[in-house]
Amino acid sequence: ADMTMEDVQAALRRRGVDAGPLLDTLAGSSFSATVAKILLRVVQMADRLLGGQAAAMMRALMVEMLAGVDMDAIGNAGFGPGFVEVIIGDRNQAVVDALKAVIERPDPPGTVAIFYGAGHMNDLSHRLEAQLGYRMDTVEWIPAITVDLEQTGLSEADLAAMRRMVKGMVGGK
């Protein structure tokens, strides 16, 4: 359950947020998306030559970027305060609404799983408690990306430099 790209764009417009370039990138229709596709092909070719080292380095970079993202800082600096409300809040509400529809069926399933990124969890847990009376019982983290740092060929100094670079790029914590 999620909002369509059109729903996200409409919600951003209602809040006065112009995230067109970002949404075009996510939809694959921008220059940045084209460059990203080319870079992914280059990484795939390099990976064949380096025995998996290029892909491992890209995964390490992704882990650093995703782990250090401060959504509020990105939203406020790049797009304005309405951005985070849509990307996290409105999309989480779509999930809660879909869950309500599932559990209100005459014969609801015995279990329901919600797969979403870590950046959504705090807001989503508040919504589930406030709107459905759920409370957290246990937490299980399932990694979406794993990296063998030895396979990357990065030294501790290289990794520290990558972390500083990513933190500067994404407004990390």
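Rules used in this analysis
Residues numbered from 1 in each chain as written. Predicted model: local features only at pLDDT ≥ 70, side-chain atom pairs only at ≥ 80, totals over all residues. Heavy atoms only, no water. Helix = DSSP H or I, 4+ residues; strand = E, 2+ residues; numbered from the N terminus. Buried < 20%, exposed > 50% of the residue type's maximum accessible area, 1.4 Å probe, protein only. Contact = heavy atoms within 4.5 Å. Axes fitted to C-alpha atoms, helices over the stretch in contact; angles between N-to-C directions. Parallel < 35°, antiparallel > 145°, perpendicular 65-115°, else oblique. Left-handed = near helix turned anticlockwise from the far one by under 90°. Nonpolar A, V, L, I, M, F, W, Y, C, P; charged D, E, K, R; others polar. Salt bridge = Lys/Arg side-chain N within 4 Å of Asp/Glu carboxyl O. Patch = residues over 30% accessible without salt bridge, like charges linked within 9 Å, V, L, I, M, F, W, Y side chains within 5 Å. Areas by Shrake-Rupley, 256 points an atom, 1.4 Å probe, with all protein chains shown as cover.

A. Quick look at the overall build of the protein. Within the protein one finds nine helices and zero strands. Each helix and strand of the protein, ordered N terminal to C terminal, gives the series α-α-α-α-α-α-α-α-α. By the burial criterion, 25% of the 173 residues in the protein qualify as buried. A fraction of 71% describes how many contacts in the protein between residues 6 or more apart in sequence connect residues 24 or more apart.

B. Spotlight on the packing of helix 6 (residues 82–103) against helix 7 (residues 118–132). Here helix 6 crosses helix 7 at 45 degrees, and the two axes come no closer than 9 Å. As the angle between them shows, helix 6 and helix 7 are arranged oblique. By crossing handedness, the relation of helix 6 to helix 7 is classed as right-handed. Residues Ile87, Ile88, Gly89, Arg91, Asn92, Gln93, Val95, Val96, Leu99, Lys100 and Ile103 of helix 6 pack against Gly119, His120, Asp123, Leu124, Arg127, Leu128, Gln131 and Leu132 of helix 7. Here the contact of helix 6 with helix 7 is built from residues that sort into nine nonpolar, six polar and four charged.

C. Region of the structure containing the pattern of salt bridges. One pass over the structure, following the stated rule, counts three salt bridges. Note that arginine 91 and aspartate 2 form a salt bridge whose closest N and O atoms lie 2.7 Å from each other. Taken together, the positions of arginine 91 in helix 6 and aspartate 2 in the segment before helix 1 (5–14) put the pair 89 residues apart, joining distant regions of the chain. Notably, a salt bridge pairs arginine 15 with aspartate 90, separated by 2.7 Å at the nearest N-O pair.

D. Region of the structure containing a nonpolar patch on the surface. On the surface, Ile103, Val112, Ile114 and Tyr134 cluster together into a nonpolar patch covering about 300 Å² of accessible area. For valine 112, the location among the structural elements is in the loop between helix 6 and helix 7.

E. Broad picture of the packing of helix 1 against helix 6. Taken N-terminus to C-terminus, the directions of helix 1 and helix 6 make an angle of 140 degrees; their axes are 9 Å apart at the nearest point. Comparing their axes, helix 6 and helix 1 come out oblique. Here the hand of the crossing between helix 1 and helix 6 comes out right-handed. When helix 1 is examined against helix 6, the residues Val8, Ala11 and Leu12 are found in contact with a partner set consisting of Gly82, Phe83, Val86, Ile87, Asp90 and Arg91. Its residues placed into classes, the contact of helix 1 with helix 6 shows six nonpolar, one polar and two charged.

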